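Take a look at the letters that make up each chain.
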Amino acid sequence: MSFDTLGLSAELLRAVADQGYSEPTPVQSRAIPVILQGKDLLAGAQTGTGKTAGFTLPLLQRLNATAPDKGRRRVRALILTPTRELAAQVAESVDTYGKHLPLSSMVIFGGVKINPQIARLRAGVDILVATPGRLLDHVSQKTLDLSAVEILVLDEADRMLDMGFIRDIRKILALLPKRRQNLLFSATYSNDIRQLADKLLDRPVLIDVALRNTPAERVSQVIHPVDRERKRELLSFMVGSQNWRQVLVFTRTKHGANRLSQQLEKDGISSAAIHGNKSQGARTRALADFKRGEVRVLVATDIAARGLDIDQLPHVVNYELPNVPEDYVHRIGRTGRAGNEGQAVSLVCIDEHKLLGDIERLLKRDLSRIVIPGYEPDPSIRAEPIKPRSNTRPRGQAKSLHNNRPARVKAKENKRRPGPEKAKGNSRRPLQSSRHA
Ligand code: AMP
């Protein structure tokens, strides 16, 4: 299969060739013709499958075919993503693939100044990539008009629902013209996703390329049983003795990410932490340093790491197992991407045996356990309950948690829109039945 047979224009084929891609990935070869025909699409595809080019290329082609000659540009394609990092990466892809076309795009997300975004929006853009919160800030300030949107993409829709963005999504849908093309990408098909798809999509074409909840076969997975107090030591030992140069390490909490990163630095291993309490600038810098090889270990929480596009990432370490088994699949999807071999290592202490069981049930197989000599678990240590994550407060609970705070503080908190990490909410919350309420 070659890109030439998919119906893409010469400008787009040139951009693809510039990237060095020789053939389309499965999601690309199936999604591109469908999107070019103007149909709605429901695609089961996780990060690493090439889904971004899968929707960006045909979207650019459709917009370019109907681009008005004159007048101010209006937003004709809206791409929503759950996190700032993913928004930035998708926007980069739009630029990359659209570089030979006269279309303009921009990205908007929170955590950075709003005024430059307003100025840029005023100048007119064709394609807008955004996270839901900041998008609605613009809508409420009347600095954004969505009445000309022809194509809507919800990228990583499952994660948007997990993060409690369903209300924001509904508000945004209500602002869009009724007639439009809708593309929904999701790594998993929960009931919530099915309900959203039912409301949003009109006779969609379904494609399911990444086997649901099945990590890429090319990722080798291993469990190293170890005592909770010795995990840090074991991690340093593995990074050092095996000379790992680029490792993404997951912790459950932001605090844990910071602490581990500092400890690794003390061990002489260059490290940075990336999570929702860090400023956008700090996150971007840490990621850039990691990509350049200046930082060897990037320690991240699940939300911060979601959608990170790091080419050829060889090692992912679960320093702590995630509370939600699906997050394990997302985490190890960071490695073994686009045809490269990857290794996913989980350091598992006695407290996490239940979490490990949940993961193995989801994967429908047992993961191999290898005890590292010198790090054998002490059989006399008893399991302790796992503390809840600091960043998993469902939105609905926010009020009761702060009930005894002074009113002034509460008012300030209510005004502030939560960023993605703060918004992480209850994924089981049922959708309401109204279509665009
Ligand atoms: P995505 O799933 O969109 O995050 O893409 C995963 C990675 O695959 C990105 O680094 C892309 O640059 C890369 N990629 C996308 N399409 C292709 C292709 N046809 N051939 C090789 N690599 C690709």
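Residues numbered from 1 in each chain as written. Predicted model: local features only at pLDDT ≥ 70, side-chain atom pairs only at ≥ 80, totals over all residues. Heavy atoms only, no water.

Asks: Break down the overall build of the chain for me, citing the residues and quoting the values.
Replies: On a plain count of helices and strands, the chain comes out with 18 helices and 14 strands. Considering only intrachain contacts with a sequence separation of at least 6, the fraction spanning at least 24 residues in the chain is 78%. Carbon and sulfur atoms provide 49% of the accessible area of the chain, an area that totals close to 19,900 Å². (Helix = DSSP H or I, 4+ residues; strand = E, 2+ residues; numbered from the N terminus. Contact = heavy atoms within 4.5 Å. Areas by Shrake-Rupley, 256 points an atom, 1.4 Å probe, with all protein chains shown as cover.)

Asks: So what's going on with the packing of aromatic side chains? Which residues, and what values?
Replies: Scanning the entire structure with this criterion turns up three aromatic pairs. Plain terms: the ring middles of Phe55 and Phe185 are 5.1 Å apart, the flat faces sit at 55 degrees to each other, and that makes the pair tilted. Placement of the pair is Phe55 in helix 3 (residues 51-65) and Phe185 in strand 6 (residues 181-186), with a sequence separation of 130 residues. A cation over an aromatic ring shows up here: Lys231 above the ring of Tyr319, its NZ or CZ 5.8 Å from the ring centre. (Phe/Tyr/Trp six-rings, centres within 6.5 Å; stacked < 30°, edge-to-face > 60°. Lys NZ or Arg CZ within 6 Å of the ring centre and 35° of its normal.)

Asks: Before we move on, can you summarise the pattern of salt bridges with the specific residues and values?
Replies: The full count for this structure, using the stated rule, is 24 salt bridges. For the salt bridge of Arg73 with Asp126, the shortest nitrogen-to-oxygen distance reads 2.5 Å. Of this pair, Arg73 sits in the loop between helix 3 and strand 2 (77-80) while Asp126 is found in the loop between helix 5 (115-123) and strand 4 (127-130), placing the two residues 53 residues apart along the sequence. Given a relative accessible area of 35%, Arg73 falls into the partly exposed group. Relative accessible area serves as the criterion here: at 3%, Asp126 is assigned to the buried category. Between Asp202 and Arg203 there is a salt bridge; the shortest N-O distance is 3.1 Å. Note on Asp202: relative accessible area 45%, which makes it partly exposed. On the basis of relative accessible area, Arg203 is assigned to the exposed category, the value being 70%. Put simply, Arg73, Arg76, Asp126 and Glu150 are held in one network by salt bridges that share partners. (Salt bridge = Lys/Arg side-chain N within 4 Å of Asp/Glu carboxyl O. Buried < 20%, exposed > 50% of the residue type's maximum accessible area, 1.4 Å probe, protein only.)

Asks: Residues and numbers for the pairing of strand 8 (residues 219-225), please.
Replies: Within strand 8, six of the seven residues are buried, leaving the element largely enclosed by the surrounding structure. Here strand 8 pairs with strand 13 (residues 342-348) via seven bridges, running parallel. From the neighbouring strand, His224 faces strand 13, where its bridge partner is Leu347. Two strands pair when backbone bridges link them, and strand 8 and strand 14 (residues 368-369) are joined in this way by two bridges, in the parallel orientation. In the strand pairing of strand 14, Ile223 is matched with Arg369. (Pairing = 2+ DSSP bridges.)

Asks: Could you give an account of the side chain of Arg331, with specific residues and numbers?
Replies: Mapped onto the secondary structure, Arg331 falls in helix 14 (residues 325-332). A polar atom in the side chain of Arg331 sits 2.9 Å from the side chain of Asn318. Other than its neighbours up to four places away in sequence, Arg331 contacts Phe250, Thr251, Asp302, Val316, Asn318, Glu320, Leu321 and Pro322. (Polar contact = N/O pair within 3.5 Å; in protein donor to acceptor, adjacent residues only side chain to side chain.)

Asks: Hey, could you go over the confidence of the model for the chain for me, with residue numbers and the actual values?
Replies: Overall, the predicted model of the chain reaches an average pLDDT of 83, with 83% of residues at or above 70. Contacts for the low-pLDDT stretch residues 211-215, under 50 throughout, to residues beyond four places or in other chains number 13 contacts. Low confidence marks residues 390-437, where pLDDT is under 50. Its contacts with residues over four positions away, or in another chain, come to 88 contacts. (pLDDT = per-residue confidence, 0-100.)

Asks: Requested: an account of unusual backbone geometry, with residues and values cited.
Replies: Phi at Lys142 is positive, roughly 60 degrees, even though this residue is not glycine. For Lys142, the position within the fold is in the loop between helix 6 (132-140) and strand 5 (151-154). Owing to a relative accessible area of 73%, Lys142 belongs among the exposed residues under this scheme. Unusually for a residue other than glycine, Arg203 sits at a positive phi of about 40 degrees. Along the chain, Arg203 falls in the loop between helix 9 (191-200) and strand 7 (205-208).

Asks: I'd like to hear about the pairing of strand 3 (residues 105-108), residue by residue, with values.
Replies: Here four bridges tie strand 3 to strand 4, and the two strands are oriented parallel to one another. Bridging across to strand 4, Ile108 finds its partner in Ala130.

Asks: Break down the sheet that holds strand 9 (residues 247-250) for me, with residues and values.
Replies: Strand pairing within a sheet occurs via backbone hydrogen bonds; the two strands may be parallel or antiparallel. Reading across the sheet, the seven strands line up as 10-11-9-12-13-8-14 and stay open at both edges, with parallel pairing between neighbours. A single partner strand is all that each edge strand has here, and the edge strands are strand 10 (271-274) and strand 14. The sheet contact formed by strand 10 and strand 11 (residues 297-300) spans four bridges and is parallel. Counted as the bridge partner of Ala272 is Leu298 from strand 11.

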